[in-house]
Amino acid sequence: MTSAYPRIRKAVFPVAGLGTRFLPATKVIPKEMLTVVDKPVIQYAVDEAIEAGIEHFIFVTGRGKGAIEDHFDLAYELEATLKARGKTAELKMMQESRPKAGTASFVRQQEPLGLGHAVWCARDIVGDEPFALALPDMLIHGERGCFAQMVDVYSKHGGNVIAVEQVPHEHVNRYGVVALAEDLGNETHRITGMVEKPRIEDAPSDLIISGRYILQPGIFAKLATQKPGAGGEIQLTDAMIALMSEEDFFSYRFNGITYDCGDKIGYLTANVALALDRPDIAPKFRQILLNLIG
Ligand code: G1P
């Protein structure tokens with residue numbers, strides 16, 4: 001699609017979280033490296049970005065997250081061995097899912113001050129251009145990637161685009177929640193308000209922020225002065241609210257199913273659902289599941 005707006009070339013992945021909900025698994029292994037079927041959680045978000053045409057991958061990491069950097073590096077001995085043994089399918093998979101030389105950057109969030117602070121840590125690498133942001137815990141599975149769908153919306157409307165989805169009313173206090181106005185068609189609305197982790201009775205809707213954003217670089221100036229909000233953390237949602245008085249914000253209800261892999265039940269559900277969607281695994285696995293359930 002040709003568009004009047006600058007192309008989205010860069011994506012930011014905040015991966016500094018400690019993963020305390022998954023201890024002891026995450027004592028040594030970053031939570032983003034836990035596997036869903038046979039791929040680390042972080043790889044799903046990166047693949048989604050690759051599908052949407054992203055060219056540069058920016059990881060906001062922290063201490064003990066070195067495995068993520070290694071994962072997206074070229075494993076020279078491994079690839080040479082696969083080549084020598086004629087394992088072309090495996091080799092192709094490895095080559096297609098890693099950023100090319102010079103297209104991955106890593107910056108450390110030195111203190112756990114919140115999501116807004118993590119995004120701010122990427123400001124110099126993003127520079128003065130709009131960018132994509134993925135919270136990798138939210139694994140979005142569907143025929144077409146969420147980011148690819150969002151880039152279409154952005155190409156038409158410009159501005160800032162936030163992926164949203166409906167959740168049961170009693171869950172809204174776990175998320176950022178949006179208030180919508182004008183319906184622009186194709187599941188796209190203008191956003192008039194947002195609130196991070198509202199009390200259930202105060203939530204403006206049941207539409208939550210799903211962990212995929214296209215943001216204008218103006219967000220960094222807002223983040224630079226953003227005071228701590230919900231949970232005592234510097235919240236991205238609060239900085240977006242500040243930016244909303246100057247720039248357009250649109251919500252987009254994407255096609256796809258979200259699995260919150262930051263939560264044990266969500267993570268286990270992702271494993272079962274994605275295994276059942278894999279032709280090489282599903283037939284046997286379905287039978288085993290049925291037997292287990294009795
Ligand atoms: C973050 C965002 C929130 C969003 C959520 C999605 O919250 O602040 O607006 O709804 O991710 O997972 P967190 O999960 O970091 O508490």
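This text follows the structure it describes.
The text that follows walks through the structure, step by step, so that each part is easy to find. (Residues numbered from 1 in each chain as written. Predicted model: local features only at pLDDT ≥ 70, side-chain atom pairs only at ≥ 80, totals over all residues. Heavy atoms only, no water.)

1. Re helix α1 (residues 41–51)
Extensive coverage of α1 is indicated by the burial of 8 of its 11 residues. All of the buried residues along α1 are Val41, Ile42, Gln43, Tyr44, Ala45, Val46, Glu48 and Ala49. (Buried < 20%, exposed > 50% of the residue type's maximum accessible area, 1.4 Å probe, protein only. Helix = DSSP H or I, 4+ residues; strand = E, 2+ residues; numbered from the N terminus.)

2. Quick look at the layout of surface pockets
In this model, the second largest pocket occupies a volume close to 860 Å³. Along its surface, the second largest pocket is lined by 32 residues, and Lys39, Gln43, Tyr44, Asp47 and Ser97 are the ones closest to its centre. For the lining of the second largest pocket, the leading source of residues is α1, giving 6 residues. Broken down by class, the residue content of the lining of the second largest pocket amounts to 12 nonpolar, 6 polar and 14 charged. (1 Å grid on protein atoms, 1.4 Å probe; cavity = no way out; pocket = protein on both sides within 12 Å on 5 of 7 lines; lining within 4 Å. Points joined across faces, edges and corners; volume = space filled by probe spheres on them. Nonpolar A, V, L, I, M, F, W, Y, C, P; charged D, E, K, R; others polar.)

3. Brief notes about the side chain of Glu32
Position of Glu32 among the secondary structure elements: in the loop between β1 (10–14) and β2 (35–36). There is a polar contact of 2.8 Å between the side chain of Glu32 and the side chain of Lys65. When near neighbours in sequence (up to four residues on either side) are disregarded, Glu32 contacts Val15, Gly17, Pro40, Val41, Ile42, Lys65 and Ile68. (Polar contact = N/O pair within 3.5 Å; in protein donor to acceptor, adjacent residues only side chain to side chain. Contact = heavy atoms within 4.5 Å.)

4. Observations concerning the packing of aromatic side chains
Throughout the structure, instances matching the rule amount to 7 aromatic pairs. Plain terms: the ring middles of Phe22 and Tyr267 are 5.5 Å apart, the flat faces sit at 80° to each other, and that makes the pair edge-to-face. Placement of the pair is Phe22 in the loop between β1 and β2 and Tyr267 in helix α10 (residues 264–275), with a sequence separation of 245 residues. For Phe22, a relative accessible area of 9% translates into the label buried. Note on Phe59 and Phe72: the rings are 5.1 Å apart at their centroids and 25° apart in plane angle, and the pair reads as stacked. With Phe59 in strand β4 (residues 56–61) and Phe72 in the loop between α2 (66–71) and α3 (76–84), the pair connects residues that are 13 residues apart, well separated along the chain. (Phe/Tyr/Trp six-rings, centres within 6.5 Å; stacked < 30°, edge-to-face > 60°.)

5. Observations concerning the site of the ligand
Residues in close proximity to the ligand include Leu115, Leu135, Met138, Tyr175, Gly176, Glu196, Lys197, Ile209, Tyr213, Gln235 and Thr237, which together make up its full environment. Taking Glu196, its side chain carries an N or O atom lying 2.7 Å from an oxygen atom of the ligand. At a separation of 2.7 Å, an oxygen atom of the ligand approaches a polar backbone atom of Ile209. Bound to the protein, the ligand loses 76% of the 380 Å² it would expose on its own. Residues of the shell around the ligand, tallied by class, amount to 6 nonpolar, 3 polar and 2 charged. (Near = heavy atom within 4 Å. Areas by Shrake-Rupley, 256 points an atom, 1.4 Å probe, with all protein chains shown as cover.)

Bear in mind that shape data such as this cannot, by itself, settle questions of function.
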